[in-house]
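This is what each chain is made of:
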Amino acid sequence: MPAKRPIRVYLLDDHDIVRRGLASLLEGEPDIEVVGQSGLASKALQEILELRPDVAVLDAHLPDGNGLDICREVRAVDPDIKAMILTSYQDDDAISAAILAGAAGYVLKQIEGNSLVSGIRLVASGHSLIDRSVAARVMEQVEFHKRSLQVISDLTPQQSKILFLIADGLTNREIAERLFLAEKTVKNHVTALLSRLGVAHRTQAALLAQRLRGETPLAVDTSLATARKGVS
């Protein structure tokens, strides 16, 4: 039986000591091969697409970019390349961004060496290192965002004006004066808008409109489906 091909890994981290330490750690594993490494996002993007590693371990913050953008661009070309975001900080917004970029893992730099190695093996085999509950929340946000975009695109011009005036902080009376409408008419429009957007308060509608103003629909990586699985 032929020997199993080693897991090919690419390392991106702007700290030379960290990157060399990771390379030394991984090269000591018989089933892992470090095929390339860099400290710059621009160089890494080109090399990853040329080398086509199984797993790219990407630093979240770099002098000329960030690992999330590299992850997104790489997976747009080759979704078979798995990505792990390596960072010093953890918060829900950052994890959400990693999931939306298509990352299969989000790990802290404080992670123990053995755990990182195990994580790379899991990611290479198609599993996710992102917590299921966080992935589920992100999916809910994405779906809500998409539904809201659809609802807003179906609004009449008058309703759209009212929604974005709400986002600007105007009261019903101020909106009525701005649009030359009766205040009761505006109130009816606002009630209908809240119902269509699926929110209970005008503050929620205002926040949603502010987020959507000038935005295009979120580009969600197909790996979101994988992220739902969690580590198995």
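Presented here is an overview of the structure given in this document. (Residues numbered from 1 in each chain as written. Predicted model: local features only at pLDDT ≥ 70, side-chain atom pairs only at ≥ 80, totals over all residues. Heavy atoms only, no water.)

## Considering the overall build of the protein chain
Right, on to step 1. The helix and strand tally for the protein chain stands at 11 helices and seven strands.
Right, on to step 2. Taken across its 232 residues, the protein chain has 44% of its residues classed as buried.
Right, on to step 3. Across the protein chain, the fraction of contacts at a sequence separation of at least 24, relative to all contacts at a separation of at least 6, is 68%.
Right, on to step 4. Carbon and sulfur atoms make up 53% of the accessible area of the protein chain, which totals about 12,400 Å². (Helix = DSSP H or I, 4+ residues; strand = E, 2+ residues; numbered from the N terminus. Buried < 20%, exposed > 50% of the residue type's maximum accessible area, 1.4 Å probe, protein only. Contact = heavy atoms within 4.5 Å. Areas by Shrake-Rupley, 256 points an atom, 1.4 Å probe, with all protein chains shown as cover.)

## Some words on the sheet that holds strand β7 (residues 105–108)
Right, on to step 1. Across the sheet, five strands lie side by side as β2-β1-β3-β6-β7; this open sheet has parallel pairing. Whereas interior strands pair on both sides, the edge strands pair on one side only; in this sheet they are β2 (32–38) and β7. Neighbouring strand axes in the sheet, compared pairwise and without regard to direction, differ in orientation by 20° on average.
Right, on to step 2. Note: strand β6 (residues 82–87) against β7, four bridges, orientation parallel. Bridging from a neighbouring strand, T87 pairs with L108 of β7.
Right, on to step 3. Packing against the sheet, helix α2 (residues 41–51) makes contact with β1 (7–12), β2 and β3 (55–59), and its axis sits at approximately 170° to β1.
Right, on to step 4. Running at roughly 180° to β6, helix α3 (residues 67–77) makes contact with β1, β3 and β6 of the sheet. (Pairing = 2+ DSSP bridges. Axes fitted to C-alpha atoms, helices over the stretch in contact; angles between N-to-C directions.)

## Section: the pattern of salt bridges
A pair can form between side chains of opposite charge whenever their charged atoms are brought close.
Right, on to step 1. The full count for this structure, using the stated rule, is 11 salt bridges.
Right, on to step 2. When the shortest N-O distance is used, the salt bridge between R72 and D69 registers 2.9 Å. In this pair, R72 and D69 are both assigned in helix α3, three residues apart and thus about one turn of the helix distant. (Salt bridge = Lys/Arg side-chain N within 4 Å of Asp/Glu carboxyl O.)

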